[in-house]
Every structure is written in structure tokens, then in C-alpha cells.
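Now for the letters of each chain:
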Amino acid sequence: MEIWATAERAWDRLAATLPADRYLEVRYEVLLESVVGELTRICRFLGLEYSPSMLDYPARSTYAAPDPRLRYQWKRQCGTQELQWVDWKLGSMLVQRNYELSGFGPKKPTLLERAKLRLQDKYSRVKFEVKLYGLGLYLESLVANRLPIRSWSDRSEERRVGKECRS
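The structure displayed is predicted, hence computed values, not measured ones.

Procedures and definitions
Residues numbered from 1 in each chain as written. Predicted model: local features only at pLDDT ≥ 70, side-chain atom pairs only at ≥ 80, totals over all residues. Heavy atoms only, no water. Phe/Tyr/Trp six-rings, centres within 6.5 Å; stacked < 30°, edge-to-face > 60°. Helix = DSSP H or I, 4+ residues; strand = E, 2+ residues; numbered from the N terminus. Axes fitted to C-alpha atoms, helices over the stretch in contact; angles between N-to-C directions. Parallel < 35°, antiparallel > 145°, perpendicular 65-115°, else oblique. Left-handed = near helix turned anticlockwise from the far one by under 90°. Contact = heavy atoms within 4.5 Å. Patch = residues over 30% accessible without salt bridge, like charges linked within 9 Å, V, L, I, M, F, W, Y side chains within 5 Å. Areas by Shrake-Rupley, 256 points an atom, 1.4 Å probe, with all protein chains shown as cover. Salt bridge = Lys/Arg side-chain N within 4 Å of Asp/Glu carboxyl O. Buried < 20%, exposed > 50% of the residue type's maximum accessible area, 1.4 Å probe, protein only. Nonpolar A, V, L, I, M, F, W, Y, C, P; charged D, E, K, R; others polar.

Asks: What exactly am I supposed to notice about the packing of aromatic side chains here?
Replies: Here a ring pair, both rings aromatic, is described through the centre-centre distance and the interplanar angle of the planes. A complete count under the given rule lists two aromatic pairs for this structure. Ring geometry for Trp 11 against Tyr 23: centres 5.2 Å apart, planes inclined by 80°, an arrangement best described as edge-to-face. Here Trp 11 is found in helix 1 (residues 2–15), whereas its partner Tyr 23 is found in the loop between helix 1 and helix 2 (28–33), with twelve residues between them in sequence. Judged by centre distance (6.3 Å) and plane angle (80°), the rings of Tyr 72 and Tyr 99 are edge-to-face. In this pair, Tyr 72 sits in the loop between helix 3 (35–46) and helix 4 (73–77) while Tyr 99 sits in the loop between helix 5 (80–96) and helix 6 (111–133), placing the two residues 27 residues apart along the sequence.

And the structure:
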């Protein structure tokens, strides 16, 4: 949640410095609702022609076609309490971007709840990285980044990036 909020704030600052014809905002939900319409709009902005072949990629990749059922899936996957925390933390930003609030009312997490969330976040990140890089490369990177051996840290990072590119 914090990463999204930070990225959105950074975008707001950047967009405020750009002329309107220099950027295009695309909402994920709108893209899922009207794939062809949004791709046509994006192509037009880029000075390109939309081609139906743009949507042929599922036949030659591991990516699935856009699925409108994925809209707002985060809301369906969250419990009432989590939605209240989102409304508390991001409510004004959501409203500003024309998203509906949960309807449960904002609720600030307690100190204990915030500590639990931080631990869950850390655990999820470690789990994700171990799955992506493997335990060996994850541990190597962890140690290499904590020791003042720049060459080892750089090699470890190169191996991680290489593995990401192959995934």
C-alpha cells in the first residue's frame, strides 16, 4: 500500500511539471474493461495505429489475455479490517482518483497491528525473493549487500538481474 502511495505522489509531482500533451494516464480497470478502446487511445497518443495483433501475445507467451474479472480484485481479497486500513491510509488519494471507498469507514491500525503488518510484509518479500531467485542466491545477496565487498555485491546483483530476465 505504501509503495503504491509513494509512486502515486511521485507521479503527481512529475505530472504537474508536464504539459498535458506529454503524458497519458491509463487506469488498469479501464484497460481491463475496454482493452481495444484503451489500446487504441494509447496508440493514438503515441502516433501509432492500433492493430488487433497486439492482443495475440497469449499464443506466444506465458501471459494471459486481459481478464475484466481482475478489476478491483484486491478489494475482494481483503477483509473488512484491511479495507478500513486502506481507507484510513489512502482514502483521500482514492477519492481524488475517483475510486470508491470500501464503505466500512476508515480505521487506523493499532501499534500492534502495524507491527504485525510490517512482519507480514517482510515475510512476503523474503518468500517472493526466495521463490524468484532460489534460496542460495537470496542468501548470497543478503550477505553480499551487508559486507563492504563491492565486487561481490555487484556480481550478486548481476546474477539476480540475469535470473529476473530469464523468468
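On we go from here.
Asks: Help me out: how do you make sense of the packing of helix 1 against helix 5 in this one?
Replies: Think of two packed helices as two axes; the pair is described by the angle between the axes and how far apart they sit. Running from N to C, helix 1 and helix 5 point in directions that differ by 45°, and their axes come no closer than 11 Å. In terms of orientation, helix 1 and helix 5 fall into the oblique class. Of the two possible hands of crossing, helix 1 and helix 5 adopt the one that is left-handed. Two secondary-structure elements touch here, helix 1 through Glu 2, Trp 4, Ala 5, Glu 8, Arg 9 and Asp 12 and helix 5 through Lys 89, Leu 90, Met 93, Leu 94 and Gln 96.

Asks: In this structure, what is going on with a nonpolar patch on the surface? I would like to understand it.
Replies: Nonpolar side chains collect at one region of the surface, where Phe 45, Leu 46 and Leu 48 lie side by side and expose about 290 Å² of accessible area between them. By the element assignment, Leu 48 lies in the loop between helix 3 and helix 4.

Asks: Sorry if this is basic, but what is going on with unusual backbone geometry here?
Replies: What you tend to see is this: most non-glycine residues have negative phi, and most peptide bonds are trans. Even without glycine at this site, Tyr 72 takes up a positive phi of about 55°. With relative accessibility at 30%, the residue Tyr 72 sits in the partly exposed group. Residue Asn 98 is not a glycine yet carries a positive backbone phi of 65°. Of note, Asn 98 is situated in the loop between helix 5 and helix 6.

Asks: Hey, could you run me through the pattern of salt bridges in this one?
Replies: Oppositely charged side chains can form a pair if their charged atoms are brought close together. Counted by the stated rule, this structure contains 13 salt bridges. A salt bridge links Arg 9 to Glu 2; the nearest nitrogen and oxygen atoms lie 3.8 Å apart. We classify Glu 2 as partly exposed; its relative accessible area is 39%. Ionic pairing is found between Glu 140 and Arg 159, a salt bridge with its closest N-O pair at 2.4 Å. Here Glu 140, found in helix 7 (residues 135–146), pairs with Arg 159, found in helix 8 (residues 150–166); they are 19 residues apart in sequence, far enough to count as distant. Residues joined by salt bridges that share partners form a network here, namely Glu 2, Arg 9 and Lys 89.

Asks: Would you take a moment to explain the packing of helix 7 against helix 8 for this structure?
Replies: Put simply, helix 7 and helix 8 touch, their axes get as near as 9 Å, and they point 145° apart. Our pair here, helix 7 against helix 8, has a crossing hand that is left-handed. Note on element contacts: helix 8 touches helix 7 through Trp 152, Ser 153, Ser 156, Arg 159, Arg 160 and Lys 163, opposite Leu 137, Glu 140, Ser 141, Val 143, Ala 144 and Asn 145. Along the lines of polarity and charge, the residues of the contact of helix 7 with helix 8 split into four nonpolar, four polar and four charged.

Interpretation in functional terms is not warranted from these geometric data alone.
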